[in-house]
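Observations on the three-dimensional arrangement
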Amino acid sequence: MEITEKYASDVAFTPGVKAIQARKGSRRAYGLMEQRGSWETRITPELAEFIGAQTSIFFATANREGQPYIQHRGGPAGFLRVLDEKTLAFADFSGNRQYITAGNLAENPKAYLFLIDYAQRRRIKIWGTARVVEDDTQLNARLMPEGYKARAEHAILFTVSAWDSNCPQHIPQRFSAEDVAKAMAERDRRIEVLEAENRSLRSPTLTRPSRLSLG
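The paragraphs below set out a description of the structure included in this document. (Residues numbered from 1 in each chain as written. Predicted model: local features only at pLDDT ≥ 70, side-chain atom pairs only at ≥ 80, totals over all residues. Heavy atoms only, no water.)

Concerning the pairing of strand E7 (residues 152-166)
Formally: Pairing between strands is defined by DSSP: at least two bridges between them are needed. Under the DSSP-based scheme used, a helix requires at least four consecutive residues in state H or I and a strand at least two consecutive residues in state E, with every element numbered from the N terminus.
Pairing analysis gives seven bridges linking strand E4 (residues 87-93) to E7, with the strands arranged antiparallel. In the sheet register, Ala89 faces E7, and the bridge partner there is Leu157. Sheet analysis places strand E6 (residues 122-133) next to E7, joined by eleven bridges and oriented antiparallel. Within the sheet, the bridge partner assigned to Trp127 lies in E7 and is Ala162.

Describing the environment of Ala141
Topologically, Ala141 is positioned in helix H5 (residues 137-143). Separated by ten residues in sequence, Ala141 and Arg151 place their C-alpha atoms 9.7 Å apart.

A few points about the sheet that holds strand E2 (residues 68-74)
Backbone-to-backbone hydrogen bonds pair the strands of a sheet. The strands run either parallel or antiparallel. The line we're drawing: Axes here mean lines fitted to C-alpha atoms, for a helix over just the part in contact, with angles spanning 0 to 180 degrees between N-to-C directions. Note on contacts: a residue pair qualifies if any of its non-hydrogen atoms lie within 4.5 Å across the two residues.
Read across the open sheet, the seven strands follow the order E2-E1-E5-E6-E7-E4-E3; overall the sheet is antiparallel. The two strands at the open ends of the sheet, each matched to only one other strand, are E2 and strand E3 (81-84). Within the sheet, the average angular offset between the axes of one strand and its neighbour, ignoring direction, is 35°. The sheet contact formed by strand E1 (residues 56-62) and E2 spans seven bridges and is antiparallel. Looking across to E2, one finds that Thr61 is bridged to Tyr69. The sheet strands contacting helix H4 (residues 100-107) are E1, E2, strand E5 (110-117), E6 and E7, and the helix crosses E1 at an angle near 45°.

Brief notes about helix H3 (residues 45-52)
The following threshold applies: For every residue, the accessible area obtained with a 1.4 Å probe (protein chains only) is divided by the maximum for its type, and the residue is called buried under 20%, exposed over 50%, and partly exposed between those limits. Working definition: the arc comes from the directions between the helix axis and the C-beta atoms, pointing outward to the latter.
Listed as buried for H3 are Leu47, Phe50 and Ile51. The buried residues of H3 occupy an angular sector of 100° when projected down its axis, which confines them to one face. Seen from the open side of H3, the exposed residues pointing more than 90 degrees away from its buried face are Pro45, Glu46 and Glu49.

Side note on the environment of Glu146
One can find Glu146 in the loop between H5 and E7. The exposure class of Glu146 is exposed, given its relative accessible area of 84%. Expressed as a C-alpha distance, the spacing of Glu146 and Pro76, which sit 70 residues apart in the sequence, is 9.0 Å.

Focus: the pairing of E4
Taken across its seven residues, E4 has seven buried, putting it largely inside the fold. Across three bridges, the pairing between E3 and E4 is antiparallel. Residue Asp84 lies in a different strand from E4, and its bridge partner there is Thr87.

Notes on the side chain of Asn140
Position of Asn140 among the secondary structure elements: in helix H5. Residue classification places Asn140 among the buried positions, given a relative accessible area of 10%. Residue contacts for Asn140: discarding those within four places in its chain leaves Ala152, His154 and Ala155.

Encoded structure:
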């Protein structure tokens, strides 16, 4: 008998999870969250902006036996695309020959995305279902980042069931080498401007008039 989820968060908060929450003392708070609307089920403009900035994602699937597997995927910012308010997609680039994710999805469509921004100390959890799309050259071309030197082997479409944002606790603040290089270049540019201003202030701009003898 299929169990229908009452709240969006039920995708994660199963009866077993709720029982532990009750025993540990957090069920009341999560119950209030459920009554106030539970988790988001559609991609908001704010989430779309966050997704568009990501260059790295963690994609979790499980096989028929329930054995989980987490795959890392990366690319230029925007490689994970928002197609509509319920659908995400990305081109799966050639190179990974294990095909564990593709095999898992052939047996079990349930999937999960974990996105983390170390610079902003923010992480997003997205539950849903996913499928592999083979031999769709138009979709592959649509999902390929412009100018990116890779080949799309197939596409993965992810349908969002629910998503939530974690607190920043214990997320180490880190910055990419590219961001650090940009910040240092901007710092150097500002130093040059200030040094030029300093030199101009220290240079004499007016010649003092000489004293005339009146004797």
